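# A look at the structure
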Amino acid sequence: MTVTLMWEAAAAEGRGPDLLDWARKQARTLPGTPTRREFLTAPDDRVLVLTWWDAPYDAVLPELPDPDGTLVRRQVHRWRFTSVSVEPGA
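### Here we look at the pattern of salt bridges
- Applying the stated criterion across every chain yields a total of seven salt bridges.
- One network of salt bridges, in which partners are shared, links Glu-63, Asp-66, Arg-78 and Arg-80.

Shown next, in the form of structure tokens:
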């Protein structure tokens, strides 16, 4: 089974690049090795990190911590998903 952990944070004013850099560094220090790791950004300095793991849904998996309060403007959001299918593009 593939489990995907999603971590999303909204950077404090003007701190988007700093938050992305912080998330990349933190992801490299997590114990274990995900099968895939992806970093995304969105308007308003939001940063999204997705990690895919070959593990059961309820497995204990390493997650990114909360960043220092000076980097974010609100609480971090986290979700866990299981993959149901992968389909080729059109």
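Read on, since the account is not over.
### Digging into the pairing of strand S2 (residues 36–42)
- Relative to strand S3 (residues 46–54), S2 is paired through seven bridges, and the arrangement is antiparallel. Bridge pairing in S3 links Thr-41 to Val-47.
- Hairpin connection of S2 to S3: three residues between the antiparallel strands, including Asp-44 at a positive phi of 65°.

### Digging into the packing of aromatic side chains
- Counted according to the given criterion, the structure contains one aromatic pair.
- Just above the ring of Trp-52 sits the side chain of Arg-36; from NZ or CZ to the centre is 4.3 Å.

What counts as what
- Residues numbered from 1 in each chain as written.
- Predicted model: local features only at pLDDT ≥ 70, side-chain atom pairs only at ≥ 80, totals over all residues.
- Heavy atoms only, no water.
- Salt bridge = Lys/Arg side-chain N within 4 Å of Asp/Glu carboxyl O.
- Pairing = 2+ DSSP bridges.
- Helix = DSSP H or I, 4+ residues; strand = E, 2+ residues; numbered from the N terminus.
- Phe/Tyr/Trp six-rings, centres within 6.5 Å; stacked < 30°, edge-to-face > 60°.
- Lys NZ or Arg CZ within 6 Å of the ring centre and 35° of its normal.

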